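Overview (structure and organization)
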Amino acid sequence: MADPAPEIGISIRNLYKIFGPNPEAYIDAVRQGMSKTELNDQHNHVLGLKDINIDMPRGAIQVVMGLSGSGKSTLIRHINRLIDPTVGEVIVGDQDVVKMSETELREFRRHQTAMVFQKFALLPHRTVLDNVVYGLEIQGIPRKKQEEEARRWITRVGLEGFEESYPNQLSGGMQQRVGLARALTNDAPILLMDEAFSALDPLIRMDMQSVLLDLQKEIRKTIVFITHDLDEALRLGDRIAILRDGEVIQQSTAQEIVLRPSDEYISSFVREVNRGRVISVDMVMTPLSEAEPGAMTVRSGSVLENAAKKMTEKSANHAIVIDKAGKPIGALDIQDVISAMVTPVDHTMVEDEEDAA
Amino acid sequence: MEWLIEFPAMDRDSLTAFKKAIDFAFRDFTRAYGDAFETALLPVKWFMFWMEDLLTESPWPLVLLGIAFIAWLASRSLKITLGVIITLLLIGYFDMWEDTMKTIAMTVVATLLAIIVGIPIGIVMARSNKVQTMINPVLDVMQTMPSFVYLIPVVMLLGIGRVPGLIAVMVYAIPPIIRLTNLGIRLVDKDVLEAADAFGSSSWQRLKNVQMPLALPTIMAGVNQTIMMALAMVVVASMIGVPGLGLPVLKAISNQYFTLGVLNGLAIVGIAIIFDRASQAYGKRLQKHLEVVHG
Ligand SMILES: Nc1ncnc2c1ncn2[C@@H]1O[C@H](COP(=O)(O)OP(=O)(O)O)[C@@H](O)[C@H]1O
Ligand SMILES: [Mg+2]
């Protein structure tokens, strides 16, 4: 769990975005604390993003979550510079995307990034196959190679047999599979997904999440995944950043967000979460006191729901948490497990605990 | 009180001087550049004559089948193709074959020219709001100006005949194709364009792969209107020596030949319907992939 320091894939530094005819004029005021409402009411400019600093881990899924209008789409579009920042840096590798020339940027978009869109954004006049080859086609790769790659990914996302269909002949879920295949065929290390599953029905959305998690085990890309849905964020995110009114208000792992929401806004979200499926036993286990011979074992990293199910099946009140190698690392009490599953923690309680400690 | 009844116009001498000044200036211009224009338009002239010869000198059954085949390719409709054949047979039977072919040749060439010139102008207009605000009023004037007026400067510049006629027809018929190319490109879905950008399309690639294909149905509507306007103008242009169905109509007017006028008028209506149905059916077919098949 606690990798020492995961390699950074994308680093966003001091990024500000103000929308309006004369954004530079207000940057200092915003830096000194002018709020989004003040800027809008007094100067008719929209504060899109304010002092964003996020290190996105390489080869993992970084989720950015927030309500509609919080600036998620604006943020993700800075990574491939579909939107230019007012000030700030977006570092990928050793390059600052913000400083790239037109040609450098085009090459960067072609080879380093691929994107999946909320409304699919497929070319309606092209078949599935011709949509999926698009990235390679504009790179000037020979057609045979384009098709080989495209067909491989079409099969991989489960669309075999639909190569010659047009987008409008497919359901939403299938269209987004095309969007995913189009992005994957590009074989870029960074995958940008802006509310990629938000337009889909809940069941199909779950299905697509599984497809993505499954693929990610194999492709290990740096994925930036935007969502407004906390369950989706918790399910997919290796790390999660929460955005409100253009500001990052918490960034951490899923577990930490559920256990230690940093303010009332986040705890109001987290209250609705099925905690048993998010929190792992590692978060509630106590240090091993004495070895209990014959006690049942639970693997480190299991979620509370699974642990509780196992323990009740065997009517055990205690269990030992073991790591991958089978070494005991902590003790588990069924009382603690159940209370962690049912207690909605809010940030004031976390503070109380900390005070008591 | 007279000044209230009679409009206080410019006095006669100044007005004459004003008109003369402009006319002389234009005449000097035509004397200086008329030949240059004529030379520049040589390829157009050759193309025009080639097309006319193709339609009038080839055996009529071949031409008839050729036109029917093109109508079939465009519309994929048996009804339209059959309509084309019957219309052409009737035209031939009433001895208007040659004039009709000349009119078709002129209309086709003028439309092609309008497309070649109009689409790039429309593209430039779609790319810049400034250019759009400059060109739009010009198009407004062009579309409201009576068609006869177009003939005057062309005759001064190039004289009488097919080529000046062709230019007048082309200029008269070009506004719809420009307008609808501009509109079509501006209406392209922003999300799809953004996707094209995100994958690193150059500006030529986004024009070729996204903007033009998605604008095509709108552009086709413009082509359809341009064809109709060209056809109408080809008839008017017979006044400056353009051969075709317009000439017998002119003759019918001056000699009061009622039947001759009506027959030729009907032939014009016939080919107008052919052009209209075939090009509209083609435009519809282009949009087929946009129909939502999935329930
Ligand atoms: N081009 C723009 N001009 C002005 N305001 C904009 C523009 N794009 C986005 N905004 C504003 O920025 C804020 C964030 O928008 P967006 O990033 O689309 O939010 P989200 O994707 O989280 O719903 C919103 O208040 C929106 O109105
Ligand atoms: Mg959004």
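Because the structure is predicted, anything quoted here is derived from the model rather than measured. (Residues numbered from 1 in each chain as written. Chains lettered and ligands numbered in written order. Predicted model: local features only at pLDDT ≥ 70, side-chain atom pairs only at ≥ 80, totals over all residues. Heavy atoms only, no water.)

Another point: the site of ligand 1. Residues and elements named next belong to chain A. Near ligand 1 you find Phe19, Lys36, Val46, Leu67, Ser68, Gly69, Ser70, Gly71, Lys72, Ser73 and Thr74, and these make up its full shell. A distance of 3.2 Å is found between an oxygen atom of ligand 1 and a side-chain nitrogen or oxygen belonging to lysine 36. The contact in question runs from an oxygen atom of ligand 1 to an N or O atom on the side chain of serine 73, over 2.7 Å. Protein contact buries 60% of the 560 Å² of open area that ligand 1 shows by itself. (Near = heavy atom within 4 Å. Polar contact = N/O pair within 3.5 Å; in protein donor to acceptor, adjacent residues only side chain to side chain. Areas by Shrake-Rupley, 256 points an atom, 1.4 Å probe, with all protein chains shown as cover.)

On the surface, A:Arg299, A:Lys310, A:Lys314 and A:Lys324 cluster together into a positively charged patch. Tracing the backbone through its elements, the reader meets A:Lys324 in the loop between strand 12 (318-322) and strand 13 (328-333). (Patch = residues over 30% accessible without salt bridge, like charges linked within 9 Å, V, L, I, M, F, W, Y side chains within 5 Å. Salt bridge = Lys/Arg side-chain N within 4 Å of Asp/Glu carboxyl O. Lys, Arg positive; Asp, Glu negative; His and termini not counted. Charge placed at Lys NZ, Arg CZ, Asp CG, Glu CD. Helix = DSSP H or I, 4+ residues; strand = E, 2+ residues; numbered from the N terminus.)

What follows concerns the interface of chain A and chain B. Taken together, the 29 residues of chain A in the interface contact 22 residues of chain B. Taking both sides of the interface into account, the surface hidden between chain A and chain B amounts to around 2,200 Å²; carbon and sulfur atoms contribute 61%. Summed over the three residues of chain A that lose the most area to chain B, namely A:His125, A:Tyr134 and A:Asn168, the buried surface amounts to 25% of that side. Across the chain A-chain B interface, the total number found is two salt bridges. (Contact = heavy atoms within 4.5 Å. Buried area = accessible area lost by both parts, 1.4 Å probe.)

Glancing now at the pairing of strand 9 (residues 239-244) of chain A. Residues and elements named next belong to chain A. Of the strand pairs in this sheet, strand 3 (residues 61-66) and strand 9 are connected by five bridges, and their pairing is parallel. Looking at strand 9, one finds that methionine 65 is bridged to isoleucine 242. Where strand 9 lies against strand 10 (residues 247-252), five bridges are found, and the strand directions are antiparallel. Paired with isoleucine 240 across the strands is serine 252, a residue of strand 10. (Pairing = 2+ DSSP bridges.)

Under the present numbering, the feature "domain: ABC transmembrane type-1" (unreviewed entry) in UniProt falls on residues 100-279 of chain B. Spanning residues 100-279 of chain B, this segment combines 86% helix with 0% strand, and its end C-alpha atoms are found 19 Å apart. (UniProt positions renumbered as here; feature names shortened; annotations may be inferred.)

On to the layout of surface pockets, then. Approximately 1,600 Å³ is the volume found for the largest pocket. At the level of secondary structure, the elements contributing two or more residues to the lining of the largest pocket comprise helix 9 (202-219), helix 10 (230-236) and helix 11 (254-259) of chain A. The residue makeup of the lining of the largest pocket, split by class, is 16 nonpolar, 10 polar and 17 charged. Both domains that meet at the lining of the largest pocket, namely domain 1 (55-275) and domain 2 (277-356) of chain A, each give it at least three residues. The space that makes up the second largest pocket amounts to roughly 840 Å³. The wall of the second largest pocket is formed by 27 residues, among which B:Ile70, B:Ala71, B:Ile104, B:Val108 and B:Phe275 lie closest to the centre. Listing elements by their share of the lining of the second largest pocket, those giving two or more residues are helix 3 (42-57), helix 4 (60-75), helix 6 (97-127), helix 12 (203-236) and helix 14 (258-286) of chain B. Among the elements that take part in the lining of the second largest pocket, helix 4 of chain B stands out by supplying seven residues, more than any other. Of the residues assigned to the lining of the second largest pocket, the class counts are 22 nonpolar, five polar and no charged. (1 Å grid on protein atoms, 1.4 Å probe; cavity = no way out; pocket = protein on both sides within 12 Å on 5 of 7 lines; lining within 4 Å. Points joined across faces, edges and corners; volume = space filled by probe spheres on them. Nonpolar A, V, L, I, M, F, W, Y, C, P; charged D, E, K, R; others polar. Domains from an automatic or database assignment.)

Let us look at the sheet that holds strand 7 (residues 190-194) of chain A. Residues and elements named next belong to chain A. Across the sheet, six strands lie side by side as 6-7-8-3-9-10; this open sheet has mixed pairing. Each end of this open sheet is capped by a strand with a single partner; those strands are strand 6 (113-116) and strand 10. Adjacent strand axes in the sheet meet at a mean angle of 15°, parallel and antiparallel pairs treated alike. Of the strands in this sheet, strand 6 and strand 7 are in contact with helix 8 (residues 172-185), which crosses strand 6 at around 175°. (Axes fitted to C-alpha atoms, helices over the stretch in contact; angles between N-to-C directions.)

Attention now moves to the sheet that holds strand 12 of chain A. All names here are of chain A. With respect to topology, three strands assemble into an open sheet ordered 11-12-13, the strand pairing being mixed. What marks the edges here is a single partner per strand, and that holds for strand 11 (296-299) and strand 13. Between one strand axis and the next, the sheet turns by 35° as a mean value, whatever way the strands run. Examined bridge by bridge, strand 12 and strand 13 share five bridges and lie antiparallel to one another. Of the residues in strand 13, the one forming a bridge with isoleucine 320 is alanine 331. The strands touched by helix 13 (residues 304-313) within the sheet are strand 11, strand 12 and strand 13, with strand 11 carrying the most contacts at an inclination of about 165°.

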